[in-house]
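Spelled out from the first residue to the last, the chains are:
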Amino acid sequence: MKPLLITDCDEVLLHMVRHFGVWLDEAHAIDFAMAGGHFENSMTRRADGSRVEREDMWGLINGFFPSEMGRQTLVPHAREALADLAQVADIVVLTNLGDHCREHRIDQLAAHGIVHRVECNQGGKGGPVARLVEEYAPSVAVFVDDLPVHHESVAKHAPEVFRLHMVSEPDLAPHVPPAPFAHARIDDWQEARSWIASRFAAGLTAAAQDG
């Protein structure tokens, strides 16, 4: 049995919010402040200073994906870290996008030299992670994501999986506290690669270690 790495994409493998903010400025005259910490608190219309409501926020995000995905750039050292870990582990990219974006995401990652299985998801990631663990039956599994809510979901549905909280955007990371349900917080792929490799080499599940 091989280890399994399940990783998010946006703000883990690819930068998204910085490019989303530029697009909001150019196309919608909306200012985006990363210090807001949450999307619904971060968007302000320049015309009248009003805050973008949650319903409109999702419309804007759906406007960015997939048509503006070409703006996204690779997180430093992400490609090299995955290539190194892929020598010993299976890798799945679990991304919260609509299913219609799956081929776009596959092509986007491939253009950056990242070619692994991609699965789209909507909502909490605990259920999908549990299903992937059942499918692969790995010796050890590690989950990487930037959103605390997904670490809580995975802790509930797949407690045997190690959970690494990563926020790779340097202008956003200082405003995001460590996820309470994650085992560690690391925002750099060079350090994260070593942490993940150590979990793989130890051969213990998170549940066994925590117990």
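Look up: the structure comes first, before these words.
Every value quoted in this text rests on a predicted model; they were computed, and no experiment measured them.

Asks: Looking at this model, I keep getting lost on the overall build of the chain. Mind explaining?
Replies: When helices and strands are counted, the chain shows 8 helices and 10 strands. On C-alpha atoms alone, the chain measures out to a radius of gyration of 17 Å, which is about the 17 Å that the 2.2 N^0.38 rule sets for 211 residues. If you line up the chain on its principal axes, its C-alpha atoms span 55 × 35 × 30 Å. Burial status across the chain gives 46% buried among its 211 residues. Counting only contacts in the chain whose residues sit at least 6 apart along the sequence, the fraction spanning at least 24 positions is 63%. Summing over all exposed atoms, the chain offers an accessible surface of approximately 9,800 Å²; the carbon and sulfur share of this is 51%.

Asks: Which parts of the structure should I look at to understand the packing of helix H1 (residues 17–28) against helix H2 (residues 54–64)?
Replies: Taken N-terminus to C-terminus, the directions of H1 and H2 make an angle of 100°; their axes are 11 Å apart at the nearest point. Overall, the two elements H1 and H2 adopt an arrangement that is roughly perpendicular. Two secondary-structure elements touch here, H1 through His-19, Phe-20, Trp-23, Leu-24 and His-28 and H2 through Leu-60, Ile-61, Gly-63 and Phe-64.

Asks: How should the nonpolar core be read in this particular structure?
Replies: Across soluble globular proteins, nonpolar side chains have a tendency to be buried as a group. Of all hydrophobic cores here, the largest spans 30 residues; its most connected members are Leu-5, Leu-13, Trp-189 and Ile-196. Counting only elements with at least two residues in this core, the list comes to helix H3 (78–85), strand S6 (90–95), strand S8 (141–145), strand S9 (162–165) and helix H7 (189–202). Excluding its chain neighbours within four sequence positions, the residues that come into contact with Ile-196 are Leu-5, Leu-85, Val-142, Val-144, Leu-164 and Trp-189. Among the nonpolar cores identified, the runner-up in size contains 23 residues, and Phe-20, Met-57, Ala-173 and Val-176 belong to it.

Asks: Looking at this model, I keep getting lost on the packing of aromatic side chains. Mind explaining?
Replies: In this description, an aromatic ring pair is defined by two values, namely the gap between the centres and the angle between the planes. Scanning the model with the defined rule gives 6 aromatic pairs in all. With 6.0 Å between their ring centres and 35° between their planes, Phe-20 and Trp-23 make a pair best called tilted. Placement of the pair is Phe-20 and Trp-23 together in helix H1, with a separation of 3 residues, close to one helical turn. Overall, the relative accessible area of 0% leaves Phe-20 in the buried class. Relative accessible area serves as the criterion here: at 8%, Trp-23 is assigned to the buried category. Consider the rings of Phe-162 and Trp-195, whose centres lie 6.3 Å apart with planes at 90°: the pair is edge-to-face. With Phe-162 in strand S9 and Trp-195 in helix H7, this residue pair connects regions lying 33 residues apart in the sequence. A single burial state applies to Phe-162 and to Trp-195, both of which are buried. Aromatic rings pair up to connect Phe-20, Trp-23, Phe-32, Phe-64 and Phe-65 into one cluster. Over the face of the ring belonging to Trp-195 we find Arg-199, whose NZ or CZ atom lies 4.6 Å from the ring centre.

Asks: Before we go on, may I ask you to explain the sheet that holds S6 in this structure?
Replies: In sheet architecture, strand pairing relies on hydrogen bonds along the backbone and comes in two forms, parallel and antiparallel. Taken in spatial order, the 6 strands make up an open sheet running S7-S6-S1-S8-S9-S10, and their pairing is parallel. The sheet terminates laterally at strand S7 (117–120) and strand S10 (184–185), the two strands that pair on one side only. The sheet contact formed by S6 and S7 spans 4 bridges and is parallel. In the sheet register, Val-92 faces S7, and the bridge partner there is Arg-117.

Asks: Explain the packing of helix H5 (residues 126–136) against helix H6 (residues 148–157) to me, please; I cannot follow it from the model alone.
Replies: In contact at an axis separation of 7 Å, H5 and H6 are set at 50° when each is read in the N-to-C sense. Judged on the interaxial angle alone, H6 and H5 are oblique. Relative to H6, H5 is oriented so that their crossing is right-handed. Of H6, the residues touching H5 (which contributes Gly-126, Gly-127, Val-129 and Ala-130) are Ser-153, Val-154 and His-157. Partitioning the contact of H5 with H6 into residue classes produces 3 nonpolar, 4 polar and no charged.

Reading the values: the criteria
- Residues numbered from 1 in each chain as written.
- Predicted model: local features only at pLDDT ≥ 70, side-chain atom pairs only at ≥ 80, totals over all residues.
- Heavy atoms only, no water.
- Helix = DSSP H or I, 4+ residues; strand = E, 2+ residues; numbered from the N terminus.
- Rg over C-alpha atoms; globule rule 2.2 N^0.38 Å.
- Buried < 20%, exposed > 50% of the residue type's maximum accessible area, 1.4 Å probe, protein only.
- Contact = heavy atoms within 4.5 Å.
- Areas by Shrake-Rupley, 256 points an atom, 1.4 Å probe, with all protein chains shown as cover.
- Axes fitted to C-alpha atoms, helices over the stretch in contact; angles between N-to-C directions.
- Parallel < 35°, antiparallel > 145°, perpendicular 65-115°, else oblique.
- Core = buried A, V, L, I, M, F, W, Y, C linked by side-chain atoms within 4.5 Å.
- Phe/Tyr/Trp six-rings, centres within 6.5 Å; stacked < 30°, edge-to-face > 60°.
- Lys NZ or Arg CZ within 6 Å of the ring centre and 35° of its normal.
- Pairing = 2+ DSSP bridges.
- Left-handed = near helix turned anticlockwise from the far one by under 90°.
- Nonpolar A, V, L, I, M, F, W, Y, C, P; charged D, E, K, R; others polar.

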